[in-house]
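The residues making up each chain are set out below.
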Amino acid sequence: MTTENGKRLQDIGEFGFIDRIRKGCVVRPRNVVRPIGDDAAVFTPDADRLTLVTTDLLVERVHFLKERISGEDLGAKSLAVNLSDIAAMGGEAREAFVSLAIPDSIAVTYLEAFYNGMKELAAAHAVNILGGDTTGSRSDLMIAVTVTGSVPPAELLRRDGARPGDVVFVTGWLGDSRAGLHWILEGTSDLQGEDRELVRAHRRPRPHLEEGRFLAAAGGVHGAIDVSDGASSDAAHVASESGVGMRLFGDRIPVSPALRNFCARNGHDPVRFALAGGEDYVLLCTVSASRAEDIARGFQNRFGRPLHRIGEVIADRRMELVRSPGTVEALHPEGWDHFKKKPSVGG
Ligand SMILES: [Mg+2]
């Protein structure tokens, strides 16, 4: 007899699976005409707003190792990376679509946990899960998530608006996720306290949707991106899209106490480590110098933590890192490029 734990998708069938997961997918029914279950999902977009669409494809052994991440964490993270892209555009996230290619070896309980993790994060941000597709896969699990969002036209944040003289900010600590990945690869069974926080930063990134809306509505934000490849890479993306350069200050790079200790114990330069770390999913933005102080103060009041001022936009198209007064190093984009680098194992 097959136990519940041992059940595979072929035991319950695609329709049986959809029946199991569809509960709790619609959390904001007002604009939904047809949810999961028809030939196509139907919803009304938000009037007078631009529609944002983002999609991400996650492949086992390229982006994650299934054995090293729980179903809940993988589900939540697969949605979080898309929500982070909506946040980077200043938008509110609205509808999500989730497609999976599922190898025979995966237990239904893992897939249900995957959806539970995803639904929990979706509900926290009033995002409906309105559809998707499931199919078989020969060996690897593949996850394709598409998310729509909406933003008032005047509040759209983009990568290409940074101007010389702008102040560069980030909305949270950098590098924790990279240190968490280190522990996931080394083994996490006997980790304590703050090292567990680092692992959590990698497995359960928090999309900065509220921070993105705050920045978009504040006015004066010229360029924005979410930090997924590593802050030095993502800063360089904004600079090159905008036709400018950036000067970052090493002593301003926000490094958490946990990461500072991790770097001290493992012989890393915390500034370089934090700037090269991928999958932070905080936002990096450039703000008109005349608005910078106001926005930073408003951010502190609203969120109870600082908006970190890490640098400035310069007219010269180069990336610099100031280590101490008078000591300037070239800042080479470092971080993840899935066509060049090893897998970002762990999700
Ligand atoms: Mg992005």
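Model, not experiment: these values are computed from the prediction.

**Considerations on the overall build of the protein**
Helix and strand counts for the protein come out as ten helices and 13 strands. A compact globule built from 347 residues would reach a C-alpha radius of gyration of about 20 Å, and the protein, at 21 Å, matches this within 12%. C-alpha atoms of the protein, sized along the principal axes, occupy 70 × 50 × 35 Å. For the protein, the proportion of its 347 residues judged to be buried stands at 46%. Long-range contacts, defined here as pairs at least 24 residues apart, represent 84% of the contacts in the protein between residues at least 6 apart.

**Some thoughts on the sheet that holds strand 10 (residues 283–287)**
Read across the open sheet, the seven strands follow the order 8-10-7-11-9-12-13; overall the sheet is mixed. Because the sheet does not close on itself, it has two edges, and the strands there are strand 8 (221–226) and strand 13 (327–330). On average, each strand axis in the sheet is inclined to that of its neighbour by 25 degrees, with strand direction left out of account. Where strand 9 (residues 245–249) and strand 11 (residues 308–314) come together, four bridges link them in antiparallel fashion. Within strand 11, the position partnered with L248 by the bridge is G311. The strands that helix 10 (residues 289–303) touches are strand 7 (167–170), strand 10 and strand 11; relative to strand 10, the one it contacts most, it runs at about 135 degrees.

**A few points about the pairing of strand 9**
Pairing geometry for strand 9 and strand 12 (residues 319–324), over four bridges, is parallel. Considered in strand 12, the bridge of F249 is made with V322.

**Details of the domain arrangement of the protein**
As assigned here, the protein comprises domain 1 (4–154) and domain 2 (157–330). When each unit is reduced to the centre of its C-alpha atoms, the spacing between domain 1 and domain 2 is 27 Å. Contacts between domain 1 and domain 2 engage 19 residues on the former and 19 residues on the latter. When residues of the side of domain 1 that touches domain 2 are traced back to their parent elements, those giving at least two are helix 2 (71–88) and strand 4 (92–103).

**Re the pairing of strand 5 (residues 128–137)**
The pairing of strand 4 with strand 5 spans nine bridges and is classified as parallel. Bridge pairing in strand 5 links E95 to N128. Between the parallel elements strand 4 and strand 5, the chain passes through helix 3 (residues 108–124) in a crossover that is right-handed.

**Some thoughts on helix 2**
Along its 18 residues, helix 2 runs 26 Å from first to last C-alpha, staying within 8% of the 26 Å computed at 1.5 Å per residue. One or two steps after helix 2, the chain reaches G90, where phi turns positive at roughly 80 degrees.

**A few points about the sheet that holds strand 5**
Strands sit in the order 3-6-4-5 across an open sheet of four strands; the sheet is mixed. The open sheet terminates on both sides in strands that have one partner only, identified here as strand 3 (50–59) and strand 5. With strand direction ignored, the average angle separating the axes of adjacent strands in the sheet is 15 degrees. On the sheet, helix 2 packs against strand 3, strand 4 and strand 6 (142–151) and is oriented at approximately 30 degrees with respect to strand 6.

**Concerning the environment of D48**
Here D48 lies in the loop between strand 2 (42–43) and strand 3. Separated by 86 residues in the primary sequence, D48 and T134 have C-alpha atoms spaced 34 Å apart.

**Comments concerning the confidence of the model for the protein**
For the protein, per-residue confidence averages 93 on the pLDDT scale, and 95% of positions sit at 70 or higher. Note on residues 341–347: pLDDT is under 50 here. Beyond four places in sequence and across chains, it has 29 contacts.

**Section: the nonpolar core**
Ranked by size, the top nonpolar core spans 91 residues in total, and within it A96, A235 and L284 carry the most contacts. Lining this core are residues from two domains, each supplying at least three of them: domain 1 (4–154) and domain 2 (157–330).

**Looking at unusual backbone geometry**
One non-glycine residue with positive phi stands out, namely D48, at about 60 degrees. Positive phi, close to 75 degrees, is recorded for R61, a residue that is not glycine. Mapped onto the fold, R61 is located in the loop between strand 3 and helix 2. Looking at R61, the number of C-beta atoms within 10 Å reads 12, which means it is exposed.

So, how was this worked out
- Residues numbered from 1 in each chain as written.
- Predicted model: local features only at pLDDT ≥ 70, side-chain atom pairs only at ≥ 80, totals over all residues.
- Helix = DSSP H or I, 4+ residues; strand = E, 2+ residues; numbered from the N terminus.
- Rg over C-alpha atoms; globule rule 2.2 N^0.38 Å.
- Buried ≥ 20, exposed ≤ 12 C-beta atoms within 10 Å, placed from the backbone.
- Contact = placed C-beta atoms within 7 Å.
- Pairing = 2+ DSSP bridges.
- Axes fitted to C-alpha atoms, helices over the stretch in contact; angles between N-to-C directions.
- Domains from an automatic or database assignment.
- Right-handed = clockwise from strand over helix to strand, strands pointing away.
- Expected span 1.5 Å × (residues − 1).
- pLDDT = per-residue confidence, 0-100.
- Core = buried A, V, L, I, M, F, W, Y, C linked by C-beta atoms within 7 Å.

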